[in-house]
Amino acid sequence: MNFLKEHEIDSWILKAAFVLMLLFPAFYSPHTDVYQSAYYAGFSWAYFLLVVYMVLQLLQNRGKLSRISLVGVIYFGLLFVYNALSLYFNHKYLHWYWEQINNTVAFLFMAALAGFQVGMDERKHDNISFLIHCIVLSNVGSIIYYFLGYTNLLICNNQFIFFELPENFYETRHYWIYSHKSEYALMLVAFIALFIAYRKKFKNWLTFCLSMAVLLCCLWLTHSWTGIAGVFLIILGGVLDQINWKNFHLKVWHFIAAGGFLAIACAAAYELLKERDIMSLGGRTDIWQAVWQTILKYPQGWGVRFGTSMIQVYDWFMVNNAHNVFLNQMLRFSIPVGVCFTLLFLGIVIYTMVKGRSFLLAGTWIALLVLLNMDYSLMSLQMALLFLIIYLIMRKGQERRKQRG
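Calculation rules
- Residues numbered from 1 in each chain as written.
- Predicted model: local features only at pLDDT ≥ 70, side-chain atom pairs only at ≥ 80, totals over all residues.
- Heavy atoms only, no water.
- Helix = DSSP H or I, 4+ residues; strand = E, 2+ residues; numbered from the N terminus.
- Buried < 20%, exposed > 50% of the residue type's maximum accessible area, 1.4 Å probe, protein only.
- Contact = heavy atoms within 4.5 Å.
- Areas by Shrake-Rupley, 256 points an atom, 1.4 Å probe, with all protein chains shown as cover.
- Core = buried A, V, L, I, M, F, W, Y, C linked by side-chain atoms within 4.5 Å.
- Polar contact = N/O pair within 3.5 Å; in protein donor to acceptor, adjacent residues only side chain to side chain.
- Patch = residues over 30% accessible without salt bridge, like charges linked within 9 Å, V, L, I, M, F, W, Y side chains within 5 Å.
- Salt bridge = Lys/Arg side-chain N within 4 Å of Asp/Glu carboxyl O.
- Phe/Tyr/Trp six-rings, centres within 6.5 Å; stacked < 30°, edge-to-face > 60°.
- Lys NZ or Arg CZ within 6 Å of the ring centre and 35° of its normal.
- 1 Å grid on protein atoms, 1.4 Å probe; cavity = no way out; pocket = protein on both sides within 12 Å on 5 of 7 lines; lining within 4 Å.
- Points joined across faces, edges and corners; volume = space filled by probe spheres on them.
- Nonpolar A, V, L, I, M, F, W, Y, C, P; charged D, E, K, R; others polar.
- Pairing = 2+ DSSP bridges.
- Expected span 1.5 Å × (residues − 1).
- Lys, Arg positive; Asp, Glu negative; His and termini not counted.
- Charge placed at Lys NZ, Arg CZ, Asp CG, Glu CD.

K.L.:
How should I be thinking about the overall build of the protein chain in this particular structure?
P.N.:
Looking only at helices and strands, the protein chain features 16 helices and five strands. Per-residue burial over the protein chain gives 54% buried out of 405 residues. Considering only contacts in the protein chain between residues 6 or more positions apart, those separated by 24 or more positions represent 76%. Surface summary for the protein chain: the accessible area is close to 19400 Å², and the carbon and sulfur share equals 67%.

This is how it looks when you write it as structure tokens:
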């Protein structure tokens, strides 16, 4: 145990997990196409390392286990119920266990971070800076990959699979190593929030601005207007966090900056309204209504039918998923399992908001929740990284409150 602590083996393992998540996301699946492989992601090397990391954290912090809080008891109790229900419905109807396993790893990872109050830049290794470097490098690669003519890269079943966007597709979009433009947009929004929270990790303002430019360029390539709108909330939250409200006085440059921000936001809103019917949320309300009827018809979940079976929305339009992460959990894995998943997720939202209490974290969660409710924008293998970023932003909010007294 002393050897593990002295050489910070847990930090090395976490760094390796970051590399696998962002630069070499190798996993296994019964499928090798873009959508089905993401819907049915199995063993992931990155998640394997996260399990090893959590075991090491447990060994190093076993003395803290006796001080588990009421919140922890409720969280682990709900996670137990989630797994018990998942096992039942999987055994009887669904026969796809990997989603349950990967989701559980992600939920446990968040519990380990929060329960042990893991600091990632307090020892010899600055894992936050390493994570930021991996994000920048990954997204520089994304831009190069896009201009080479590809839209998606899969490292699945020991194969590198390169996908191009079909000719005459109705819009340009880019996925990179993710399942869909919405998932890539969701992760980019989270990355931008992380960069703003930890801008002092960058060498100077130039490297910060260039790194942000890389992320914003990638977000533009995704063609996700919801993601672009979310960035405005995050930037606004970051600015509000910098204000000392006790001694705040309006100045001329405040009005100029606010006017410029509003002008850019209006320009983005204009482009959004040209392409999307905002009143029906881009047709989402009709999709959700049709999917909900299907969920009521199949309360035990679709199981392995998901992704191939279709739901009629209009006479001329069908979908294969709910375009909503939480409804998809019900559609795929049953109503009880979907409800447990949603409660666990919302529990993390509430916990981090109460602990973090920052405008940046609030803006980040609003942006993420909009994306999560507008599309199937979060697969199980990305959930742990998303939770890690939220945890780090929460920690930054706690640090800021302590500094201000």
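K.L.:
Where do I start with the nonpolar core in this structure?
P.N.:
Nonpolar side chains tend to gather and get buried jointly when the protein is soluble and globular. In this structure, Phe191, Phe195 and Phe345 are the most contacted members of the largest nonpolar core, which totals 127 residues. In terms of residue count, helix H8 (residues 181–197) provides more of this core than any other element does, 14 residues in total. Setting aside anything within four residues of it in sequence, one finds Phe345 in contact with Phe107, Phe326, Trp365, Leu372, Leu378, Met383, Leu386 and Phe387.

K.L.:
I would appreciate a short explanation of the side chain of His125 in the present structure.
P.N.:
Within the fold, His125 resides in the loop between helix H6 (98–115) and helix H7 (127–147). Taking relative accessible area as the criterion, His125 reaches 12% and is therefore assigned buried. Looking at His125, its side chain comes within polar contact range of the side chain of Trp12, at 3.4 Å.

K.L.:
I tried to follow unusual backbone geometry on my own but got confused; where do I start?
P.N.:
Most peptide bonds adopt trans geometry, and most residues besides glycine take a negative phi value. Positioned with a positive phi, Trp176 is a non-glycine residue whose angle comes to about 60°. Here Trp176 lies in the loop between strand E3 (159–163) and H8. Note on Trp176: relative accessible area 9%, which makes it buried. Phi is positive for Ser334, close to 100°, though the residue is something other than glycine. Mapping Ser334 onto the fold places it in the loop between helix H13 (325–333) and helix H14 (335–356). Residue class for Ser334 comes out buried when judged on its relative accessible area of 0%.

K.L.:
Help me understand a nonpolar patch on the surface in this model?
P.N.:
Residues Ile68, Leu70, Val73, Ile74, Phe76 and Leu108 make up a contiguous nonpolar surface patch of about 550 Å² in total accessible area. In terms of residue count, the dominant contributor to the nonpolar patch is helix H5 (residues 70–94) (four residues). Mapped onto the fold, Leu70 is located in helix H5. A residue is classified by how much of its surface remains accessible, and Leu70, at 63% relative accessible area, is exposed.

K.L.:
Explain the packing of aromatic side chains to me, please; I cannot follow it from the model alone.
P.N.:
What characterises a pair of aromatic rings is the spacing of the ring centres plus the angle enclosed by the ring planes. For the structure shown, the criterion picks out 35 aromatic pairs. A ring pair is formed by Tyr178 and Tyr184, whose centres lie 5.1 Å apart and whose planes are at 15°; its orientation type is stacked. You'll find Tyr178 and Tyr184 in the same group, each marked buried. Here Arg305 stacks its cationic end above the ring of Tyr298, 5.0 Å away from the centre of that ring. Here the basic side chain of Arg332 rests over the ring of Tyr40, its NZ or CZ set 5.0 Å away from the ring centre.

K.L.:
I would appreciate a short explanation of empty space enclosed by the protein in the present structure.
P.N.:
Once rolled over the atoms, a probe with the size of a water molecule shows which space is left empty. Using the criterion set out here, one finds four cavities of 30 Å³ or more in the structure. Taken together, the elements giving at least two residues each to the lining of the largest cavity come down to helix H2 (9–22), strand E1 (26–27), helix H3 (34–39), strand E2 (152–156) and helix H16 (380–404). Its residues placed into classes, the lining of the largest cavity shows 17 nonpolar, four polar and one charged.

K.L.:
Looking at this structure, how should I read the pairing of E2?
P.N.:
Two faces make up the sheet, and in a regular strand the side chains alternate between them. E2 sits mainly inside the fold: five of its five residues count as buried. Neither face of E2 is open: one carries Asn152, Leu154 and Cys156, the other Leu153 and Ile155, and all of them are buried. When E2 meets E3, the two strands line up antiparallel, connected through five bridges. By the bridge assignment, Ile155 is partnered in E3 with Phe160. With antiparallel pairing between neighbouring strands as the criterion, E2 and E3 make up a hairpin whose turn holds two residues, including Asn157 at a positive phi of roughly 55°.

K.L.:
Is there a simple way to think about the environment of Phe341 in this case?
P.N.:
With respect to the helices and strands, Phe341 occurs in helix H14. Classification of Phe341 by relative accessible area gives buried; the value is 2%. It is 10.0 Å that separates the C-alpha atoms of Phe341 and Val325, two residues lying 16 residues apart in sequence. Sequence-distant contacts of Phe341, that is, excluding residues within four places in its chain, are made with Tyr82, Asn103, Phe107, Val325, Phe326, Gln329 and Met383.

K.L.:
Would you mind going over the environment of Met394 with me for this structure?
P.N.:
Assignment of secondary structure puts Met394 in helix H16. The sequence separation of Met394 and Lys355 amounts to 39 residues, and the corresponding C-alpha distance is 6.7 Å. In this structure Met394 touches Tyr351, Thr352, Lys355, Gly356 and Leu361, once residues within four positions along its chain are discounted.

K.L.:
Would you mind showing me how to read H14 here?
P.N.:
In an α-helix, one turn spans 3.6 residues, which is why side chains three or four residues apart end up on the same side. Taking 1.5 Å as the rise per residue, H14 with 22 residues should run 32 Å; its terminal C-alpha atoms sit 31 Å apart, in good agreement. Those residues of H14 lying buried are Val337, Gly338, Cys340, Phe341, Thr342, Leu344, Phe345, Ile348, Val349, Thr352 and Gly356. At the exit of H14 stands Arg357, carrying a positive phi of roughly 40°.

K.L.:
I tried to follow a positive patch on the surface on my own but got confused; where do I start?
P.N.:
A surface patch of like charges, here positive, comprises Lys355, Arg357, Arg401 and Lys402. You can see Lys402 is positioned in helix H16.

K.L.:
Just checking my understanding: could you explain the pattern of salt bridges for this structure?
P.N.:
Pairing of side chains with opposite charge becomes possible as their charged atoms draw close. The full count for this structure, using the stated rule, is five salt bridges. Residue Asp241 is joined to Arg400 by a salt bridge in which the shortest nitrogen-to-oxygen separation is 3.7 Å. Of this pair, Asp241 sits in helix H10 (residues 225–241) while Arg400 sits in helix H16; the two residues are 159 residues apart in sequence, bridging distant segments of the chain. Arg400 carries the same exposure label as Asp241, and that label is buried.

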